[in-house]
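Listed here are the chains, written in short residue letters.
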Amino acid sequence: MSEPNDTAPEKASHFIHQAIDADIAAGKTSQVITRFPPEPNAYLHIGHAKAITINYTTAQKYRGRFHLRLDDTNPVKEEQEYIDAIKADHAWLGADWGDHLYHASDYFQLLYEWALALIDAGLAYVDDQTADQIRQTRGTLTEPGVESPHRRRSPEENRDLFTRMSGGEFPDGARVLRAKIDMASANLNLRDPVMYRILHADHPQTGDTWCIYPMYDWAHGQSDWIEGITHSLCSQEFEDHRPLYEWFVDRLWDLGVRPNGVAYKPRQIEFARGNITYMVTSKRRLLQLIETGHVNGWDDPRMPTLVGLRRRGYPPRAIIDFWEGVGVAKRENNIEFSRLEYHVRDHLNRTAQRRMAVLDPIKLIITNYPQGQEEMLPAVNNPENQADGAREVPFCGELHIERNDFMVDAPKKYFRLTIGKEVRLRYAYFVTATDYKTDAEGNITEVHCTYDPATRGGDSPDGRKVKGTIHWVSARHAVDAEVRLYDHLFTAENPLTPPQGSDNWLDNVNADSLTVVPHAKIEPAAADFAPGAPVQFERTGYFTADPDTTAALPVFNRSVTLKDTWGKMQKR
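Here goes a summary of the coordinates provided. Given the structure is predicted, the values throughout are model-derived calculations rather than measurements.

### So, the sheet that holds strand 19 (residues 430–438)
Overall, mixed pairing links the seven strands, which are arranged 21-18-19-20-14-17-22 in an open sheet. Lying at the two open borders of the sheet, with one neighbouring strand each, are strand 21 (469–470) and strand 22 (473–474). Where strand 18 (residues 422–425) meets strand 19, three bridges bridge the pair, whose relative direction is antiparallel. Considered in strand 19, the bridge of Arg424 is made with Phe430.

The following block contains the structure:
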């Protein structure tokens, strides 16, 4: 993401910026501070990239500050693996938090003291009911909840019990601390929500210091306030939680309890999620895909996780451009997957160097090419970027070409290789097919042709034209490679709707979402790409070198096809 400049902020581009402009004009905000606060219990996905982009670019727009905070309130589900991945994903997207990396656990002591303040004010109480009992007495959208029999405990008794909870006197689940709000509220989040639970578990950051841990809804809003966040920009699933966040802040404010140096309250503004067709982003559903063996982990290139998209070869700038192009709205909408692929192609077209690779090879024998001769032919690395220069490609009289680039009985508009017709070999010569050979099953194994030495470089001195150009790899110099062809993970636009005649959404999984080509032939210069580096295999698609690459076997993942072939298939 680009760096902020020294000019005045540009005109508001959406309703969030309009709201911030109003706060600045009213003197409520002098420095805009935003944040992204993920729970470190899973890998981030493309939906999180939208929230990261909105928060980070908003801070940039107003020359403010961006925080990354890990809301690590549940040590049972949080792992260092997820913490490291979240930081890596932010760095990959270019969302630089600078010196402002925080954890909710940084504030455990302060949150504990604030909880005591609410207890002393009669605004929180210790409840001995089980989790099931609390759930059963919460009520419904049409029926009020039932007050706990422990709701009227005195502040003194509640303080005593809470301090004993923190001292480790009680087992897991024996007691909780609840806010005393309104068991008849129309908003279920305000029906005496749990603030703390007993959990004898070590924490990645605090070790065994604590045996009680704050619930997300208690820690989240207060952490924003402690950090001086001015605008908490989040997706709409948090809209119903906003009254609870504000209740906590308002009650503490009334009690004179405030973070050091913060004389204002954070303002939460919600935006609509963006639902992408053929994608699922629910953590629970993604984990189900892994556990059922439909994908090979969180970093499987078919997954919508950022680590998966990175492995597939999606450029971070393409993801940012996609979300910025979609815009920020208040109502949810469905976004075509092809729109995301457009941005991936657009970026890779400008940045990926070109190489030649043959995925389904048959031999092309040039019968009049001098036996034993070799030569090097110049090839452009990237026609979109002259700075990428050129390379030398080895050529000889025996080549690999794609099986579908030759037909015996070709239709009228087939402009590739067929008997008696001339085509151009990319960067090389004009050739004319003269014969072919097949195996016992009738599969073509060799095509014989002649070449015109005067057409070196792909042009004819007599001005004759050919309509077809095909790519190739020198058989004598070819490097074996494994190529993984990835496609949509699901066959349905809305994967969570089971197909007709089924009650299982997993029946929408595309059985052809991965095709492995174990013995592709690539030119020598294609074998030098480091893992993560993008490349266009000419006439085939955009690829990236996979981390499984070894010196003995390069491995490439298809990022995206050259054209939206899936969209055309669906229309048909």
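### Quick word on the environment of Gly173
Note on placement: Gly173 falls in the loop between helix 6 (155–166) and strand 5 (176–179). Along the primary structure Gly173 and Ile198 are separated by 25 residues, whereas in three dimensions their C-alpha atoms are 5.8 Å apart.

### Describing the sheet that holds strand 13 (residues 357–358)
In sheet architecture, strand pairing relies on hydrogen bonds along the backbone and comes in two forms, parallel and antiparallel. Reading across from one edge, 12-25-26-27-23-24-13 is the order of the seven strands in this open sheet, with mixed pairing throughout. What marks the edges here is a single partner per strand, and that holds for strand 12 (353–355) and strand 13. Judged from the three bridges that link them, strand 23 (residues 479–486) and strand 27 (residues 555–561) form a sheet pairing that is parallel. When the sheet's bridge partners are listed, Val483 is paired in strand 27 with Phe556. Contacts from helix 12 (residues 337–351) reach strand 12, strand 25 (534–537), strand 26 (541–545) and strand 27, with the element oriented near 120° to strand 27.

### Some details on the side chain of Glu523
Its place among the elements puts Glu523 in the loop between strand 24 (514–522) and strand 25. By relative accessible area, Glu523 is classed as buried at 2%. One polar contact links the side chain of Glu523 to the main-chain amide nitrogen of Met356, over a distance of 2.8 Å. If we skip the residues at most four places from it in the chain, Glu523 touches Arg355, Met356, Arg391, Val393 and Val473.

### Regarding helix 12
Its 15 residues place the ends of helix 12 22 Å apart at the C-alpha level, agreeing with the 21 Å of an ideal helix rising 1.5 Å per residue. Along helix 12, the residues that are buried comprise Phe337, Leu340, Glu341, His343, Val344, Arg345, His347 and Leu348.

### Thoughts on the packing of helix 7 (residues 216–226) against helix 8 (residues 242–254)
Where helix 7 contacts helix 8, the two axes come as close as 9 Å, and the packing angle between them is 60°. If you check the angle between helix 7 and helix 8, you find them oblique. For the element pair helix 7 and helix 8, the recorded crossing hand is right-handed. Across the interface between the two elements, Tyr216, Asp217, Trp218, His220, Gly221, Gln222 and Trp225 from helix 7 touch Leu244, Tyr245, Phe248, Val249, Leu252 and Trp253 from helix 8. Each residue belonging to the contact of helix 7 with helix 8 can be placed in one class, and the counts come to nine nonpolar, three polar and one charged.

### Observations concerning the environment of Val344
As for its position among the elements, Val344 is in helix 12. C-alpha separation for the pair Val344 and Ala318, spaced 26 residues apart in sequence, amounts to 5.2 Å. Once residues lying within four places of it in the same chain are set aside, the contact partners of Val344 are Tyr314, Pro315, Ala318 and Val560.

### Digging into helix 6
Taking 1.5 Å per residue as the helical rise, helix 6 with its twelve residues ought to reach 16 Å, and the 16 Å between its terminal C-alpha atoms agrees with that figure. If you check which residues of helix 6 are buried, you get Asn158, Leu161, Phe162, Met165 and Ser166. Down the axis of helix 6, the sector holding all buried residues measures 135°, keeping them to one side. Along its buried surface, helix 6 packs onto helix 4 (108–120), strand 4 (124–127), strand 5, strand 6 (194–198) and strand 7 (212–214). Remark: Gly168 follows helix 6 within two positions and exhibits a positive phi of approximately 90°.

### Concerning the state of the cysteines
Summed over the entire model, instances satisfying the criterion amount to zero disulfides. In this structure Cys396 is not part of a disulfide, and its nearest cysteine sulfur, from Cys449, lies 12 Å away.

### Points about the nonpolar core
With 48 residues, the main nonpolar core has Ile16, Ile46, Phe271, Leu306, Ile319 and Trp323 as its most contacted residues. Sorting the residues of this core by element identifies helix 1 (15–25), helix 2 (46–61), strand 2 (65–70), helix 3 (80–93), strand 9 (267–271), helix 10 (306–312), helix 11 (316–326) and helix 12 as the ones contributing at least two each. When residues in this core are grouped by element, the largest group, seven residues, is from helix 2. Setting aside chain neighbours within four positions, we find Ile16 in contact with Ile54, Leu233, Ile269, Phe271 and Val328. Residues Leu118, Leu177, Ala219 and Trp225 belong to the second largest nonpolar core, which totals 39 residues.

### Some remarks on the packing of aromatic side chains
Under the counting rule described, the total for this entry stands at 23 aromatic pairs. Centroid distance Phe406 to Tyr436: 5.8 Å. Interplanar angle 50°. Geometry classified as tilted. You can see Phe406 sitting in the loop between strand 17 (398–402) and strand 18 and its partner Tyr436 sitting in strand 19, a full 30 residues away along the chain. With a centroid separation of 5.9 Å and 40° between ring planes, the pair formed by Phe490 and Trp505 is classed as tilted. One end of the pair, Phe490, is in the loop between strand 23 and strand 24; the other, Trp505, is in the loop between strand 23 and strand 24, with 15 residues separating them in the sequence. For Phe490, a relative accessible area of 2% translates into the label buried. In this structure an aromatic cluster arises from ring pairing among Phe108, Tyr112, Phe162, Tyr196, Trp210 and Tyr213. Cation over ring: Arg175 sits above Phe170, and NZ or CZ is 4.3 Å from the ring centre.

Thresholds applied
Residues numbered from 1 in each chain as written. Predicted model: local features only at pLDDT ≥ 70, side-chain atom pairs only at ≥ 80, totals over all residues. Heavy atoms only, no water. Pairing = 2+ DSSP bridges. Helix = DSSP H or I, 4+ residues; strand = E, 2+ residues; numbered from the N terminus. Contact = heavy atoms within 4.5 Å. Axes fitted to C-alpha atoms, helices over the stretch in contact; angles between N-to-C directions. Buried < 20%, exposed > 50% of the residue type's maximum accessible area, 1.4 Å probe, protein only. Polar contact = N/O pair within 3.5 Å; in protein donor to acceptor, adjacent residues only side chain to side chain. Expected span 1.5 Å × (residues − 1). Parallel < 35°, antiparallel > 145°, perpendicular 65-115°, else oblique. Left-handed = near helix turned anticlockwise from the far one by under 90°. Nonpolar A, V, L, I, M, F, W, Y, C, P; charged D, E, K, R; others polar. Arc of directions from axis to C-beta. Disulfide = S-S within 2.5 Å. Core = buried A, V, L, I, M, F, W, Y, C linked by side-chain atoms within 4.5 Å. Phe/Tyr/Trp six-rings, centres within 6.5 Å; stacked < 30°, edge-to-face > 60°. Lys NZ or Arg CZ within 6 Å of the ring centre and 35° of its normal.

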